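Letter by letter, the chains look like this.
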There are 2 protein chains.
Amino acid sequence: MTKATRKAIGARIRSLRKQNGLTQVTFANMVNIERAYLSRVESGERNPSIDMIERIANGFGLTLSEFLDGI
Amino acid sequence: MTKATRKAIGARIRSLRKQNGLTQVTFANMVNIERAYLSRVESGERNPSIDMIERIANGFGLTLSEFLDGI
DNA sequence: GTGTGACTTGGAGTCCGTG
DNA sequence: CCACGGACTCCAAGTCACA
């Protein structure tokens, strides 16, 4: 159930990141999170907190609602 | 920053819960979470995971995006 | 440039009780 | 009916190394 959601969020992050021409390292630095952790979130392995999701969404200039639209 | 977000989410939960005429205990049982924990999330004291937010949103029949709209 | 294993630690999340 | 407390358990979050 929620695993699908985590995967979808990870895919969304990866998609937006590539759209903006950013590497994991670059984006991780932008939003001040650990690169290895970002990799795990993108793969759907982790169940991030709402704080973390917000930081990521804001890193793309999106609101939580916009970022999670369609998920 | 994120504290305001947590507070806003808590207020949203409380508002939706009351709109539906549910007590904390009733809703906590519906979405299968601990009543004391729900109380703390509503007060903005906790930083819930995306899984938890999803369970709560779904408890109201909303998607994540709908639930977080305007936050 | 990315994925993953192993580890630590603070806090998420549970259980039960009280005013 | 709700807020808050202690006392847990377990996982999110951060760190490092290596493939």
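Relevant structure appears above.
So, a few notes on the structure that sits alongside this text.

Rules used in this analysis
- Residues numbered from 1 in each chain as written.
- Chains lettered and ligands numbered in written order.
- Predicted model: local features only at pLDDT ≥ 70, side-chain atom pairs only at ≥ 80, totals over all residues.
- Heavy atoms only, no water.
- Axes fitted to C-alpha atoms, helices over the stretch in contact; angles between N-to-C directions.
- Helix = DSSP H or I, 4+ residues; strand = E, 2+ residues; numbered from the N terminus.
- Parallel < 35°, antiparallel > 145°, perpendicular 65-115°, else oblique.
- Contact = heavy atoms within 4.5 Å.
- Nonpolar A, V, L, I, M, F, W, Y, C, P; charged D, E, K, R; others polar.
- Salt bridge = Lys/Arg side-chain N within 4 Å of Asp/Glu carboxyl O.
- Buried < 20%, exposed > 50% of the residue type's maximum accessible area, 1.4 Å probe, protein only.
- Lys, Arg positive; Asp, Glu negative; His and termini not counted.
- Phe/Tyr/Trp six-rings, centres within 6.5 Å; stacked < 30°, edge-to-face > 60°.
- Polar contact = N/O pair within 3.5 Å; in protein donor to acceptor, adjacent residues only side chain to side chain.
- Buried area = accessible area lost by both parts, 1.4 Å probe.

What to know about the packing of helix α1 (residues 2-19) of chain B against helix α3 (residues 35-42) of chain B
All names here are of chain B. Across the interface, α1 lies against α3 with an axial gap of 7 Å and an inter-helix angle of 120 degrees. Of the possible angle classes, the one that applies to α1 and α3 is oblique. Residue-level inspection shows Arg6, Gly10, Ala11, Ile13, Arg14 and Arg17 of α1 in contact with α3, the latter providing Leu38, Ser39, Val41 and Glu42. The residue makeup of the contact of α1 with α3, split by class, is 4 nonpolar, 2 polar and 4 charged.

Some points on the pattern of salt bridges
If charged atoms from side chains of opposite charge come close, those side chains can pair. Summed over all chains, the structure comprises 7 salt bridges over all chains. Between B:Glu42 and B:Arg14 there is a salt bridge, with its nearest N and O atoms 2.8 Å apart. A residue pair is termed long-range when its members are at least 10 positions apart, and B:Glu42 in helix α3 and B:Arg14 in helix α1 qualify at 28 residues. Note that B:Arg40 is salt-bridged to B:Glu45, the shortest N-O span being 3.8 Å. Through salt bridges with shared partners, a single network forms among A:Arg14, A:Arg17 and A:Glu42.

Here's the deal with the side chain of B:Glu54
With respect to the helices, strands and loops of the structure, B:Glu54 is situated in helix α4 (residues 50-59). Buried and without a salt bridge, B:Glu54 has A:Arg6 as its closest oppositely charged side chain, separated by 7.5 Å.

A short note on the packing of aromatic side chains
Residue and element names in this part refer to chain A. In total, this model carries 2 aromatic pairs over all chains according to the counting rule given. Residues Phe27 and Phe60 carry aromatic rings whose centres are separated by 4.4 Å and whose planes lie at 10 degrees to one another, so their mutual orientation is stacked. Of this pair, Phe27 sits in helix α2 (residues 24-30) while Phe60 is found in the loop between α4 (50-59) and α5 (64-67), placing the two residues 33 residues apart along the sequence. A relative accessible area of 12% places Phe60 in the buried class.

Points about the side chain of A:Ser49
Tracing the sequence through the fold places A:Ser49 in the loop between α3 (35-42) and α4. On the basis of relative accessibility, which here comes to 18%, the residue A:Ser49 falls in the buried class. Among the polar contacts listed, one links the side chain of A:Ser49 to the side chain of B:Asn47, at a separation of 3.1 Å. The contact partners of A:Ser49, leaving out residues within four places of it in the chain, are B:Asn47, B:Pro48, B:Ser49 and B:Ile50.

Things to note about unusual backbone geometry
The backbone of A:Asn32 sits at a positive phi, close to 60 degrees, despite the residue not being glycine. Position of A:Asn32 among the secondary structure elements: in the loop between α2 and α3.

A word on the interface of chain A and chain B
Counting residues at the interface gives 15 residues for chain A and 16 residues for chain B. Carbon and sulfur atoms make up 59% of the surface buried where chain A meets chain B, a total of about 1500 Å² over both sides. Considering only the side of chain A, the residues that lose the most area to chain B are A:Ile50, A:Asp51 and A:Ser65, jointly responsible for 34% of the buried surface there. For the pair chain A and chain B, the number of links is 2 salt bridges. With its nearest N and O atoms 3.3 Å apart, the salt bridge here joins B:Arg6 to A:Asp51. Counting the contacts that link chain A with chain B gives 11 residue pairs in polar contact (both at pLDDT 80 or more). Within the side of chain A that touches chain B, the residues separate by chemical class into 6 nonpolar, 5 polar and 4 charged.

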